[in-house]
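One-letter residues, chain by chain:
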Amino acid sequence: MEKAEREELKGKVPCGAVLEHCGFALDLKESTRRAMKYRRETAIIIVIHDGKGWFDPLSDAKGDVYSLIQHLDGCDFPEAFVQVASLVGFVPSEPAWTRQPREREPDLSIPERWRARRKPWRGSATWRYLRDDRHLPERILRAAIAAGVLREGPHGSMWAAHIDAGAVTGWEERGPEWRGFATGGSKVLFRLGPADAGRVCVTEAAIDAMSLAAIEANRPDTLYVSTGGGWSPATDAAIRLVAERSEARLVAATDNNVQGDIYADRLLALAEEVGCGAERLRPIASDWNVDLKVRAEARGMEEGGRLPHARRARQG
């Protein structure tokens, strides 16, 4: 078949059509316009580039619509071509987005956009969102602000920086009605705590990292980090860098669900590979922020200490 024929067909079938046809469902809560998350049992696929590309956040697999079918079915390219051809005209469900797309891409670079945003202050919209809606205590907010990893986002949202070698590469965006990641940014790690800490707790979201820090009274021997729900080569390299330090202990503090267990298994395997100590630390509820909210509501917003009844497994 001619290359032009392959390219023409590829342009007619978005990756979302393949996924819906194969039984995947769009997770609207976890999706953005530029990164649409599809789930089927434990499998997750993120669709990007307006439906033309995809990647598996739990592996290194990525590509176009042909490689997606090969990834899902284990078939060769000719069979993938036939399957793509059979889906011409299949239209995936159109999500009802709550945020309008930008008319154009930002003019400023990632570091410039970050520097242009103010740090949260006591009583600001972002401060109120994190303290009142997310129940993060003020001491944790002040610690994150002092570390330079929080900024005021639009409409009362929070920007939480991902940093690599001291430079901001992007930021997690969370607000009352919005969640996403910086347009054009790269996920590495959100970090809160001493850079040389021996104990490293890895969570899936910056708010969970800060919530666990609050629950554990911000242990001085611990670096609380977030992958932002992804696992890029840069994230893998950053985790390896901290795990390879002498006396390092990696804590897989991911969510208490199937996806969290998959992330945890990958972290524990990485720890075994580099030879550092490791453990699995689960929240009681679905994630650490829910645990923090339950504690705060039960104790009248009292700032508690560590969570003694968190379930631990696989000491190493």
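In case you missed it, the structure is sitting above this.
Predicted, not measured: the structure shown is a model, and the values here were computed from it.

(A) Main features of the packing of helix 1 (residues 3-10) against helix 4 (residues 77-86). Running from N to C, helix 1 and helix 4 cross one another at 45°; their axes reach a closest spacing of 10 Å. One element, helix 1, and the other, helix 4, form an angle in the oblique class. When the axes of helix 1 and helix 4 are compared, the crossing they make is left-handed. Across from Glu-5, Arg-6 and Leu-9 in helix 1, the residues of helix 4 making contact are Phe-77, Phe-81, Val-84 and Ala-85. Of the residues in the contact of helix 1 with helix 4, the class split is five nonpolar, no polar and two charged.

(B) Quick peek at the packing of aromatic side chains. This structure, assessed with the given rule, holds five aromatic pairs. Aromatic pair Trp-159 and Trp-171: ring centres 4.3 Å apart, planes at 15°, arrangement stacked. With Trp-159 in strand 7 (residues 158-164) and Trp-171 in strand 8 (residues 167-175), this pair connects stretches of sequence that are twelve residues apart. Given the relative accessible area of 0%, Trp-171 is considered buried.

(C) Expanded view of the packing of helix 7 (residues 138-146) against helix 8 (residues 206-215). Following both chains from N to C, one finds helix 7 and helix 8 inclined at 125°, their axes separated by 10 Å at the closest point. With respect to helix 8, the element helix 7 is oriented oblique. In this structure, the crossing between helix 7 and helix 8 has a hand that is right-handed. Facing Arg-139, Ile-140 and Ala-144 of helix 7, the residues of helix 8 in contact are Met-210, Ala-213 and Ala-214. For the contact of helix 7 with helix 8, a count of residues per class yields five nonpolar, no polar and one charged.

(D) The arrangement of the sheet that holds strand 5 (residues 62-63) in detail. Across the sheet, which stays open at both edges, the five strands sit in the order 1-2-3-4-5 with antiparallel pairing between neighbours. Both outer strands of the open sheet, strand 1 (25-26) and strand 5, are each paired with one neighbouring strand and no more. Pairing of strand 4 (residues 53-55) with strand 5 involves two bridges; the strand directions are antiparallel. From the neighbouring strand, Phe-55 faces strand 5, where its bridge partner is Lys-62. Along the sheet face, helix 3 (residues 65-73) touches strand 3 (43-48), strand 4 and strand 5 and points at about 35° away from the line of strand 4.

(E) Region of the structure containing the sheet that holds strand 8. On the basis of which strands lie adjacent, the open sheet formed by four strands has the order 6-7-8-9 and antiparallel pairing. Either end of the sheet is taken by a strand with one partner, and the two such strands are strand 6 (150-152) and strand 9 (178-181). Looking at each pair of strands side by side, their axes are set apart by 25° on average, direction ignored. Packing of helix 8 onto the sheet brings it into contact with strand 6, strand 7 and strand 8, and relative to strand 7 it is tilted by some 90°.

(F) Structural context of the environment of His-49. With respect to the element layout, His-49 can be found in the loop between strand 3 and strand 4. Separated by 35 residues in sequence, His-49 and Pro-14 place their C-alpha atoms 9.9 Å apart.

(G) Summary view of the pairing of strand 14 (residues 277-281). Burial analysis of strand 14 places five of its five residues in the buried class, which makes it a mostly covered element. Here strand 14 shows a buried face lined by Gly-277, Glu-279 and Leu-281 and a second buried face lined by Ala-278 and Arg-280. Note: strand 13 (residues 249-252) against strand 14, four bridges, orientation parallel. Bridging across to strand 14, Arg-249 finds its partner in Gly-277. In this fold, strand 13 hands off to helix 10 (residues 258-274), which returns the chain to strand 14; that crossover is right-handed.

What counts, and where the lines are drawn
- Residues numbered from 1 in each chain as written.
- Predicted model: local features only at pLDDT ≥ 70, side-chain atom pairs only at ≥ 80, totals over all residues.
- Heavy atoms only, no water.
- Axes fitted to C-alpha atoms, helices over the stretch in contact; angles between N-to-C directions.
- Helix = DSSP H or I, 4+ residues; strand = E, 2+ residues; numbered from the N terminus.
- Parallel < 35°, antiparallel > 145°, perpendicular 65-115°, else oblique.
- Left-handed = near helix turned anticlockwise from the far one by under 90°.
- Contact = heavy atoms within 4.5 Å.
- Nonpolar A, V, L, I, M, F, W, Y, C, P; charged D, E, K, R; others polar.
- Phe/Tyr/Trp six-rings, centres within 6.5 Å; stacked < 30°, edge-to-face > 60°.
- Buried < 20%, exposed > 50% of the residue type's maximum accessible area, 1.4 Å probe, protein only.
- Pairing = 2+ DSSP bridges.
- Right-handed = clockwise from strand over helix to strand, strands pointing away.

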